[in-house]
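Single-letter residue listing:
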Amino acid sequence: MASSSLAVHFQIPNQKSSLRSPATIKPSSRRFKICPVSATVSDTPPTVSMSPVPEKLPTRKIPGDYGLPLIGPWKDRLDYFYNQGRDEFFRSRVQKYGSTVFRTNMPPGPFISFSPNVVVLLDGKSFPTLFDVGKVEKRDVFTGTFMPSTELTGGYRILSYLDPSEPKHAKLKQLMFFLLSSRRSHVIPEFHKSFTEMFEGLEKEVGSKGKVGLNAANDQAAFNFLARSWLGVDPAGTKLGIDGPNLIGKWVVFNLHPLLVLGLPKGLEEALLHTFRLPAGLVKKDYQRLYDFFYSNATAFFDEAENLGVSREEACHNLLFVTCFNSFGGMKIFFPNMIKWIGRGGARLHAELAREIRSVVKSNGGKVTMAGMEQMPLMKSVVYEALRIEPPVPAQYGRAKRDLIIESHDAAFEVKEGEMLFGFQPFATKDPKIFDRAEEFVPDRFTGENANELLSHVLWSNGPETESPTVNNKQCAGKDFVVLVSRLMVVELFLRYDSFDIEVGTSALGASVTVTSLKRASF
């Protein structure tokens, strides 16, 4: 997992979440009725069918414009980062154009990206166009309208930047499937070990100081867990020591600085981060330390790479990226965000989660298992709802392979071959025509009879939650792994604590969470 737009600002509604009324798709939101349709070739005239047919949407010109060269992209960049902020940037244009599909420029623009023009897709109906690799090309669009220098990845275009049509894509994605499969038995025990260490440290800090920041502790636990479960090595016992998270943090900034807001004065931030590329050489030594760590501890992975026709060197750069950028980055962003939403759910939600989780674990002999977690509907729903309301990968891009017709709920739009499409996922997954109370965190949203239908509109993995990654699509190879570790985080939390209290701030990469109390399990 990785975010391609990381200045996170979410509006939190005042309404209280309900634990007893699962949200369902609104029947009234449908623009047409669905019925079975068959087609045959016949010499006889067609008969008149009384079955309802889909209502044809009006074709509309895509509203919006890109402004003057250089000036338009620069003005949109200032609006996006400073004048309006990310969410208001999109919301104001939806209101202005009366459309969830429109044209604008996406950062960074000049002088990093000279092709910032995009067609924006902001609703749950148009957004999935970005998943259809028959319609859109995914070559070099992982971070949007610019691509970081390959000097940051050993001179290689990493799997995330490859289109499925490229021969190397299938080999590298298959290699990631091998990693996940071959090390699956280590995930649950190593997660328990790493995050028990984290919780014990948090308890000591809260006991002595009254509060403690979650994010840094989560970063160290996440990196330790990934190294132990995937590589079978504790980084603290190597030359890398405990430096992994800090080295990754600096390297990620050099990859994503054109998209970040770090809180510097606007003029300095614009000049330093958004106008020119930072020299990759400034993090070369940091990256080499990470590379050496992975190269020394993944022999079986590299052997499999050579069997697939991938060099050990290229495999190592990809392993580093998928571990440090995708997986670690996802846990770094998503875990604090998820804890934020659960924390705001209050004591009632905490009590229900604790009862459900402890009951199932007890009935399974005191062990946490994947099968056992499938018996925890509220816990599973909470994870899905967190992925829906604040997805860790908020932005997706794709370039139209041919002339397309893209439909929103209200209109059809013509897109020309070569145009860049951009989707901002938090708007699509909070589409009020799909989800009731779309802006609210509803813990049991995915426990009702319509849960599977609703899950088809949870899109965090670059594909619907009801579909699976393959070598032929761009859905996250670690989709099921991410769901698993997110569930483990909730399970470990409520096996250990009855409830907890937090304070929430913001950071460049999501929520900044401070733990102010941890109430140990009483039953």
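Residues numbered from 1 in each chain as written. Predicted model: local features only at pLDDT ≥ 70, side-chain atom pairs only at ≥ 80, totals over all residues. Heavy atoms only, no water.

**Q** Looking at this structure, I do not really get the environment of Leu 240. What am I missing?
**A** By the secondary structure assignment, Leu 240 is in the loop between helix 5 (214-231) and helix 6 (244-256). Residue class for Leu 240 comes out buried when judged on its relative accessible area of 4%. For the pair formed by Leu 240 and Arg 289, sequence separation is 49 residues and the distance between their alpha carbons is 6.9 Å. (Helix = DSSP H or I, 4+ residues; strand = E, 2+ residues; numbered from the N terminus. Buried < 20%, exposed > 50% of the residue type's maximum accessible area, 1.4 Å probe, protein only.)

**Q** Help me out: how do you make sense of the pairing of strand 9 (residues 497-507) in this one?
**A** Taken residue by residue, a regular strand's side chains alternate between the two faces of the sheet. Of the strand pairs in this sheet, strand 9 and strand 10 (residues 510-520) are connected by 10 bridges, and their pairing is antiparallel. In the sheet register, Asp 501 faces strand 10, and the bridge partner there is Ser 517. Hairpin geometry of strand 9 and strand 10 is characterised by an intervening segment of 2 residues between the two adjacent antiparallel strands. (Pairing = 2+ DSSP bridges.)

**Q** Would you mind going over the UniProt feature "binding site: heme" (unreviewed entry) in the chain with me for this structure?
**A** On the UniProt side, "binding site: heme" (unreviewed entry) is annotated at positions that read Cys 476 here. On the secondary structure map, Cys 476 appears in the loop between helix 14 (451-455) and helix 15 (479-496). (UniProt positions renumbered as here; feature names shortened; annotations may be inferred.)

**Q** Could you clarify how one ought to interpret the confidence of the model for the chain in this entry?
**A** Do not read the predicted coordinates in detail wherever pLDDT is low. On average, the chain scores 91 in pLDDT, and the residues at 70 or more come to 90%. In the predicted structure, residues 2-53 sits below a pLDDT of 50 and forms 101 contacts with residues beyond four places in sequence or in another chain. (pLDDT = per-residue confidence, 0-100. Contact = heavy atoms within 4.5 Å.)

**Q** What's the story with the sheet that holds strand 10 in this structure? I'm lost.
**A** Think of a sheet as strands paired side by side through backbone hydrogen bonds, with each pair either parallel or antiparallel. One open sheet holds the 3 strands; their spatial order is 4-10-9, and the pairing between them is antiparallel. The two strands at the open ends of the sheet, each matched to only one other strand, are strand 4 (212-213) and strand 9. Docked against the sheet, helix 10 (residues 312-363) engages strand 9 and strand 10, running at close to 170 degrees with respect to strand 9. (Axes fitted to C-alpha atoms, helices over the stretch in contact; angles between N-to-C directions.)

**Q** Help me understand the sheet that holds strand 5 (residues 395-400) in this model?
**A** Read across the sheet, 5 strands follow the order 1-2-8-5-3 without closing on themselves; strand pairing throughout is mixed. On the outer flanks of this sheet lie strand 1 (101-105) and strand 3 (136-137), each paired with one strand and no other. The sheet contact formed by strand 1 and strand 2 (residues 117-121) spans 5 bridges and is antiparallel. For Phe 102, the partnering residue across the bridge sits in strand 2 and is Val 120. Strands in contact with helix 2 (residues 86-97) are strand 1, strand 2 and strand 8 (420-424); relative to strand 1, the strand with the most contacts, it is inclined by about 130 degrees.

**Q** For this particular structure, what's the right way to read the packing of helix 3 (residues 167-182) against helix 10?
**A** When two helices pack together, their arrangement is given by the angle between their axes and by how far apart the axes lie. The N-to-C vectors of helix 3 and helix 10 enclose an angle of 60 degrees; their axes lie 11 Å apart at closest approach. As judged from the angle between their axes, helix 3 and helix 10 are oblique. You can see that helix 3 and helix 10 cross each other, and the crossing is right-handed. Across the interface between the two elements, Lys 168, Leu 172, Leu 175, Met 176 and Leu 179 of helix 3 pack against Glu 314, Ala 315, Asn 318, Leu 319 and Val 322 of helix 10. (Parallel < 35°, antiparallel > 145°, perpendicular 65-115°, else oblique. Left-handed = near helix turned anticlockwise from the far one by under 90°.)

**Q** When you look at the pairing of strand 5 in this model, what are you seeing that I'm missing?
**A** Counting buried positions along strand 5 gives 5 out of 6 residues, so the element sits mostly inside the fold. Examined bridge by bridge, strand 3 and strand 5 share 2 bridges and lie antiparallel to one another. The residue bridging Glu 137 from the neighbouring strand is Arg 399, located in strand 5. Summarising the sheet, strand 5 and strand 8 pair through 5 bridges and their orientation is antiparallel. By the bridge assignment, Gln 396 is partnered in strand 8 with Gly 423.

**Q** Explain helix 9 (residues 299-307) to me, please; I cannot follow it from the model alone.
**A** Given 3.6 residues per helical turn, the α-helix brings residues three or four places apart onto the same face. All of the buried residues along helix 9 are Phe 301, Phe 302 and Ala 305. One side of helix 9 carries all its buried residues, which in axial view fall inside an arc of 95 degrees. More than 90 degrees from the buried face of helix 9, the exposed residues found are Ala 300 and Asn 307. One or two residues past the end of helix 9 sits Gly 309, with phi positive at roughly 90 degrees. (Arc of directions from axis to C-beta.)

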